[in-house]
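Chain residues, written in single-letter form:
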Amino acid sequence: MLYYTQPTPSRFYHDLRNAQDDRTVLTNPHKGWYFHYIDNGMRAPKYRNTLKPGDDLKAYPGLNHMYLRFDWSDIEEEEGVYHWEKLDDILETWGKRGYRFSMRMCTFEANRPMIPYATPKYVFDAGAAGTQFTCMEPDYGDPIYLEKLERFMAAYGEHYNGHPLLDFIDVGTFGTWGEGHTTSGSCRSYSLEVLKRHIDLHLKNFPDTYVLVNDDMINHMAATNSQDAAYLLEYCAGKGMGMRDDSLYVHGYCVNYGCDMLQNPTGFDWLWRSGPVDLESAHQSMQRADDMDGGFRFLEAMRRTHATYAGFHGDIYAWYENNKTFHDFCANRLGYWYFLEGYELPDLCCGTDAVLTLHISNRGFAPAYHLYETRIIARDQDGHEFRLNRESPDNRRWMNGETVQERIRLRTRDLPAGAYTLHLGLFDQERPVLFAMRSDFRDKQGYHCLGEMRIRE
């Protein structure tokens, strides 16, 4: 019956539900799937070595950015000599193809013989403490290590903070593979002060970029002091951080935790409102066949955590071939997913302004964490465009699972009498943010046609 009723008794309401399209996968900014272009340091070839030459990956819907998990020593093997071009070349090449990026800088790669020093050797030569395994693990609270790391983080932030192609970074300087735990290494416990120091190094040097904390940092703290873990969660939320979870579908997660495979799902309750959530699936080659379920548990984790980003370890061609339906289904739902339900616009006469009321629903897992610009234009029968709005609502208030009404004043007083079409666009600078509408209601610029607007004498 909803298709034959409308949410308001206003005679000026125009229903747009028949124009909606919930099947086409949209590639919108600051959300969606990503590919591990660098995984476990630049010396490890995976998974960029699986890409076919010249493939721009445009055949994979909703894939919006590349994840770059590099090591400190990849950039600064010699003290004070930085090779940012290793990352810049990737940003330039794939940025021209329309991709954005996220980054993690790591200081310990366990079980990677080709990476004996993720933390540069010069740090240990200067006297920093560490434990020698196949690879050298630093003492994450050692003052020499922290002094050298602070200097590098300052250079890292100076180069990439606020970079227009960077969606977020995550805290990777603490723990094995930068995941916030010390398993497959020393298994040593660290204090709240040490963990907070690593978090603050990222926040200090990336004030204009979203910073995500790994849930295993909180779990590491909770193993020795639950009160300190609760404090750390509250601290991260107060700083506007998001959260990341590594390696869903690891067998132990499947066996020991709930349907969502999350060790601490309530931790995400603290942080999803303050910053985006990122979920990562385990290495495909390491997943057990009896743990695979067509993606249902991954989907539940996305729903439970209000995920904005999701990624996978492995060959993208094998991933998509094996998970196409699941991949496409989740692509729109990750993050925000905006629908135009309808709008209200009173009758207009020459010399008067108007108020447009938009009815917008967000059917994604999360709100948007970036402010986009709303542009409303009228086009006359000769194709001339007139910008009507001087204000833009805050789309970050369009919460997941809710329908909002946005009242926007339109300057129509200067338009001559006649017939126009009314168009709505939402933009991240010049990148359009697409609503879930049929393609015949959308033009190449990213504007959505609402309907006819007539101004009488």
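For the structure, check the block above.
In every chain, residue numbers begin from 1 and rise along the written sequence. Confidence filtering applies because this is a predicted model: local features only for residues at pLDDT of at least 70, side-chain atom pairs given and counted only at 80 or more, and all residues used for totals across whole chains, interfaces and linings. Where side-chain values are given, they derive from all heavy atoms of the structure, hydrogens and water being excluded.

### Some details on the sheet that holds strand β7 (residues 166-170)
Part 1 of the reasoning: A pair of strands is considered paired only if DSSP assigns at least 2 bridges between the two. Helix and strand definitions here come from DSSP, where helices need a minimum of 4 consecutive H or I residues and strands a minimum of 2 consecutive E residues; each element is numbered from the N-terminal end. The sheet built from eight strands closes into a barrel, its strands ordered β2-β3-β4-β7-β8-β9-β10-β11 with parallel pairing. Averaged over all adjacent pairs, the angle separating strand axes in this sheet is 30 degrees, with direction ignored.
Part 2 of the reasoning: Taken together, the three bridges between strand β8 (residues 210-214) and strand β9 (residues 242-248) define a ladder with parallel strand orientation. Bridge pairing in β9 links V213 to M243.
Part 3 of the reasoning: Running over the sheet, helix α4 (residues 143-160) touches β3 (63-71), β4 (100-106) and β7 and is turned about 175 degrees from β4. To obtain an axis, a line is fitted to C-alpha atoms, over the contacting stretch when the element is a helix, and the angle between two such axes runs from 0 to 180 degrees between their N-to-C directions. Here a residue-residue contact requires only that any non-hydrogen atoms of the pair lie within 4.5 Å.

### Considerations on the pairing of β8
Within a regular strand, side chains alternate between the sheet's two faces.
Part 1 of the reasoning: Taking burial as the measure, the five residues of β8 include four buried ones, the bulk of the element.
Part 2 of the reasoning: Note: β7 against β8, three bridges, orientation parallel. Bridge pairing in β8 links D170 to L212.
Part 3 of the reasoning: With its strands directed away from the observer, a crossover is right-handed exactly when the path from the first strand over the helix to the second travels clockwise. Between the parallel elements β7 and β8, the chain passes through helix α5 (residues 192-205) in a crossover that is right-handed. Classification of residues uses two cut-offs on accessible area relative to the type maximum, computed with a 1.4 Å probe and protein chains only: under 20% is buried, over 50% is exposed, and between them is partly exposed.

### Observations regarding the side chain of T357
Part 1 of the reasoning: Here T357 lies in strand β14 (residues 354-362).
Part 2 of the reasoning: Judged by relative accessible area, which is 7%, T357 ranks as buried.
Part 3 of the reasoning: Setting aside residues up to four positions removed in sequence, T357 forms contacts with G342, Y343, E344, Q405, E406 and R407.

### Concerning the packing of helix α6 (residues 215-222) against helix α7 (residues 226-238)
Part 1 of the reasoning: Here α6 crosses α7 at 155 degrees, and the two axes come no closer than 7 Å. Judged by the angle between their axes, α6 and α7 are roughly antiparallel. Along its contact with α6, which presents M217, I218, M221 and A222, the element α7 presents S226, D228, A229, L232 and L233.
Part 2 of the reasoning: We call Asp, Glu, Lys and Arg charged. Ala, Val, Leu, Ile, Met, Phe, Trp, Tyr, Cys and Pro are nonpolar, and the rest, Gly among them, are polar. Considered class by class, the residues forming the contact of α6 with α7 number seven nonpolar, one polar and one charged. Orientation is classified from the angle alone, with under 35 degrees giving roughly parallel, over 145 giving roughly antiparallel, 65 to 115 giving roughly perpendicular, and any other angle giving oblique.

### Points about unusual backbone geometry
Part 1 of the reasoning: Between K46 and Y47 the backbone carries a cis peptide bond, its omega angle lying at -5 degrees.
Part 2 of the reasoning: You can see Y47 is positioned in the loop between β2 (32-38) and β3.
Part 3 of the reasoning: Although it is not a glycine, C187 sits at a positive phi angle of roughly 60 degrees.
Part 4 of the reasoning: Residue position: C187 is located in the loop between β7 and α5.
Part 5 of the reasoning: If you check the backbone angles, Y249 has positive phi at about 80 degrees while not being a glycine.
Part 6 of the reasoning: Looking at the secondary structure, you find Y249 in the loop between β9 and α8 (251-256).
Part 7 of the reasoning: On the accessibility criterion, Y249 (3% relative accessible area) is buried.

### Thoughts on the pairing of β4
Part 1 of the reasoning: Taken across its seven residues, β4 has seven buried, putting it largely inside the fold.
Part 2 of the reasoning: Neither face of β4 is exposed, since R100, S102, R104 and C106 on one face and F101, M103 and M105 on the opposite face are all buried.
Part 3 of the reasoning: Bridge analysis of β4 against β7 gives four bridges, and the strand direction is parallel. Along β7, the bridge assignment pairs R104 with D170.

### A few points about helix α2 (residues 85-95)
Part 1 of the reasoning: Residues of α2 that are buried include every one of L87, I90, L91, W94 and G95, and no others. Down the axis, α2 shows its buried residues gathered within 110 degrees of arc, on one side only.
Part 2 of the reasoning: Here the buried face of α2 lies against β2, β3, α1 (72-75), β4 and α4. Summarising the geometry, the arc corresponds to the directions from the helix axis toward the C-beta atoms.

### Quick word on the pattern of salt bridges
Part 1 of the reasoning: We count a salt bridge whenever a side-chain nitrogen from Lys or Arg sits within 4 Å of a carboxyl oxygen from Asp or Glu. One pass over the structure, following the stated rule, counts 39 salt bridges.
Part 2 of the reasoning: Among the ionic pairs, R379 bridges to D443, the shortest N-O distance being 2.8 Å. Of this pair, R379 sits in strand β15 (residues 373-379) while D443 sits in the loop between β19 (431-432) and β20 (448-456), and the two are 64 residues apart along the sequence.
Part 3 of the reasoning: For R379, a relative accessible area of 15% translates into the label buried.
Part 4 of the reasoning: A residue is classified by how much of its surface remains accessible, and D443, at 23% relative accessible area, is partly exposed.

### Quick notes on the packing of aromatic side chains
Part 1 of the reasoning: Two rings belonging to Phe, Tyr or Trp (six-membered ring only in the last case) form a pair when the distance between their centres is within 6.5 Å. Interplanar angles under 30 degrees mark stacking, angles over 60 mark edge-to-face geometry, and anything in between is tilted. What the rule picks out here adds up to 42 aromatic pairs.
Part 2 of the reasoning: Where Y37 meets W94, the ring centres are 5.7 Å apart and the plane angle is 65 degrees; that geometry is what we call edge-to-face. Residue Y37 is located in strand β2, and its partner W94 is located in helix α2; the two are separated by 57 residues in the primary sequence.
Part 3 of the reasoning: A relative accessible area of 15% places Y37 in the buried class.
Part 4 of the reasoning: Overall, the relative accessible area of 4% leaves W94 in the buried class.
Part 5 of the reasoning: One aromatic cluster is present, formed by F70, W72, Y82, W84, Y140, Y145, F152, Y156, Y160, F174, Y190 and F206 through successive ring pairs.
Part 6 of the reasoning: Above the plane of the ring of Y99 lies K58, whose end atom (NZ or CZ) is 4.6 Å from the centre.
Part 7 of the reasoning: The ring centre of F329 lies 3.6 Å from the NZ or CZ of R333, which sits over that ring. By definition, being over a ring means that NZ of Lys or CZ of Arg is both within 6 Å of the ring centre and within 35 degrees of the ring normal.

Keep in mind these numbers describe shape, not what the thing actually does.
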